[in-house]
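Structural description and commentary
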Amino acid sequence: MTVESTAPRKPRRSAGSKAGSTGAEATDATGTQRTTRTTAKKTTAKKATPAKRAAGAKKATGAAQTAGPELVQLLTPEGERVRNADTAAYDEYVADITPEELRGLYRDMVLTRRFDAEATSLQRQGELGLWASLLGQEAAQIGSGRALRDDDYVFPTYREHGVAWCRGVDPTNLLGMFRGVNNGGWDPNGNNFHLYTIVIGSQTLHATGYAMGVAKDGADSAVIAYFGDGASSQGDVAESFTFSAVYNAPVVFFCQNNQWAISEPTEKQSRVPLYQRAQGYGFPGVRVDGNDVLACLAVTRWALERARSGEGPTLVEAYTYRMGAHTTSDDPTRYRGDEERLAWEAKDPILRLRRHLESANHADEGFFAELEAESEALGRRVREAVRAMPDPDHFAIFENVYADGHALVDEERAQFAAYQASFADVEGV
């Protein structure tokens, strides 16, 4: 499907996005400042660039570091707010967040998980052919999704149900493809949210090309590409990194490292933490606690600001965990143990934020009870909508293959029509 550029639009900055001046310094994955390629003009403004501000959030440990780095974490698994020198530069991006906004993030995660659970159940009942669950990754998706402005453009994989929710895509529209009644279900230009991409990693190329176009149009917007730890080993992703770095494209690469590329663990894919791969391409990478919605929101806002201010691409590695199966055709018990899953369930992103809301007196039992009722209503709506989806026209598969008529397609259509007509009408027998 053709994606029309939204570049000419220059809406106001969102309240949560802090404008930064343009500069040439960036921080690599180890915290060492270095010079990066930039096409932005020099400025004499005294305000620090996003890269300079983030430099204070990391400790310089040397470029050869391969041990597990510090996570950017603003909420502990117990729901305690983290404020220290290491997180100060990112903390400013959520310093003015209100209790209402925190409740909104919690609501987003709860409803996204409820929709996801309903979709999984529908597949088990034979209503969907397949489903890719996001269970456990709600914070990474909601935090990054709520960091976006309306004019930013999203290129998802097939698991970004939470980001779709943030972009205003109706959950029922996500299910048509998995039921086999359409090829997507929504207009990508209506919400600046591209159709789901099944081919692993290819959407990063689409995002990079789109971002290069945005830069040439001079638009004040950014692009974000989602992919998993498995996709990070694909050649398409490597090519995307190269092009985005060389052309200083305003793109954020958001890798949800859920620890398992289907049945392959991350340690069998990379000798270094995934975020450090950005070093070889000349742009910064950062690892964030992917189960901490507040940290994901802050880090993504920082990365998007870098992109909008002409500082080029960023790789964000959201360190999280896929609590369920890769898809409903997968059996994770064949390649990982229960102990690992239980350890990660203790870091549940929804429970973490609930603990914070309760300890800070930002939400009461009435709020949680109302949300529970809302989530059940969403589940019912999804069930009814899926079962009411009309079957597609059997001959639609032959449409839009070629712009004009084609003899071979005409022949195949005729053969299919004859096949359909060969079934005897046994009604009343």
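Here goes a summary of the coordinates provided. (Residues numbered from 1 in each chain as written. Predicted model: local features only at pLDDT ≥ 70, side-chain atom pairs only at ≥ 80, totals over all residues. Heavy atoms only, no water.)

Quick look at the pairing of strand E8 (residues 285–289) now. Of all five residues in E8, five are buried; the element is thus mostly enclosed. Residues Gly285, Arg287 and Asp289 of E8 are buried on one face, and the alternating residues Val286 and Val288, pointing to the opposite face, are buried as well. Strand direction decides the pairing type here: E8 and strand E9 (residues 314–319), joined by five bridges, are parallel. For glycine 285, the partnering residue across the bridge sits in E9 and is leucine 315. Where the polypeptide runs from E8 across helix H10 (residues 293–308) and back to E9, its parallel neighbour, the crossover connection is right-handed. (Buried < 20%, exposed > 50% of the residue type's maximum accessible area, 1.4 Å probe, protein only. Helix = DSSP H or I, 4+ residues; strand = E, 2+ residues; numbered from the N terminus. Pairing = 2+ DSSP bridges. Right-handed = clockwise from strand over helix to strand, strands pointing away.)

Before going further, it helps to examine unusual backbone geometry. One non-glycine residue, glutamine 259, adopts positive backbone phi at about 80 degrees. Note that glutamine 259 resides in the loop between strand E5 (251–257) and strand E6 (260–261). Although it is not a glycine, isoleucine 262 sits at a positive phi angle of roughly 60 degrees. By the element assignment, isoleucine 262 lies in the loop between E6 and strand E7 (264–265). A residue is classified by how much of its surface remains accessible, and isoleucine 262, at 41% relative accessible area, is partly exposed.

With that out of the way, let us pick up the pattern of salt bridges. Within this structure, the stated rule accounts for 23 salt bridges. Here arginine 81 and aspartate 91 are joined by a salt bridge, their closest N and O atoms 2.6 Å apart. Taken together, the positions of arginine 81 in the loop between helix H1 (50–55) and helix H2 (88–91) and aspartate 91 in helix H2 put the pair ten residues apart, joining distant regions of the chain. Take aspartate 91: its relative accessible area is 13%, and that puts it in the buried class. Across the pair aspartate 338 and arginine 341 runs a salt bridge, and its minimum N-O distance is 3.7 Å. (Salt bridge = Lys/Arg side-chain N within 4 Å of Asp/Glu carboxyl O.)

Glancing now at the sheet that holds strand E4 (residues 223–228). Taken together, the five strands give an open sheet; going across it, the order is E3-E4-E5-E9-E8, and neighbouring strands pair in parallel fashion. The sheet is open, and its two edges are formed by strand E3 (153–155) and E8, each paired on a single side. In this sheet, adjacent strand axes meet at a mean angle of 20 degrees when their direction is disregarded. H10 rests against E4, E5, E8 and E9 of the sheet, and its axis sits at about 160 degrees to E8. (Axes fitted to C-alpha atoms, helices over the stretch in contact; angles between N-to-C directions. Contact = heavy atoms within 4.5 Å.)

Here serine 375 lies in helix H13 (residues 365–387). In this structure serine 375 comes out as buried when scored by relative accessible area, which is 3%. The residues touching serine 375, leaving out its near neighbours within four places in the chain, are Val110, Leu111 and Arg114.

Moving on to the packing of aromatic side chains. Tallied over the full model, the rule gives 27 aromatic pairs. Here the aromatic rings of tryptophan 186 and tyrosine 196 are separated by 5.5 Å at their centres, their planes lie at 80 degrees, and the arrangement is edge-to-face. Of the two residues, tryptophan 186 is situated in the loop between helix H6 (176–179) and helix H7 (188–191) and tyrosine 196 in the loop between H7 and helix H8 (202–217); the sequence distance between them amounts to ten residues. With respect to class, tryptophan 186 is no different from tyrosine 196; both count as buried. Seen from their ring centres, tyrosine 281 and phenylalanine 283 are 6.4 Å apart, and the 35 degrees between their planes marks the pair as tilted. In this structure tyrosine 281 comes out as partly exposed when scored by relative accessible area, which is 29%. Accessibility expressed as a relative area gives 2% for phenylalanine 283, which makes it buried. Among the aromatic residues, those joined into a ring-pair cluster are Phe227, Phe241, Phe253, Tyr281 and Phe283. Over the aromatic face of tryptophan 344 sits the side chain of lysine 347, whose NZ or CZ is 4.3 Å from the ring centroid. Over the ring of phenylalanine 368 we find arginine 354, and its NZ or CZ is 3.8 Å from the ring centre. (Phe/Tyr/Trp six-rings, centres within 6.5 Å; stacked < 30°, edge-to-face > 60°. Lys NZ or Arg CZ within 6 Å of the ring centre and 35° of its normal.)

This next bit is on the environment of arginine 179. If you trace the backbone, arginine 179 turns up in helix H6. In sequence terms arginine 179 and glycine 126 are 53 residues apart; their C-alpha atoms lie 9.2 Å from each other. Every residue in contact with arginine 179, bar those within four places of it in the chain, is listed here: Glu127, Leu128, Val386, Arg387 and Met389. Within polar-contact distance, the side chain of arginine 179 engages the backbone oxygen of glutamate 127 at 2.7 Å. (Polar contact = N/O pair within 3.5 Å; in protein donor to acceptor, adjacent residues only side chain to side chain.)

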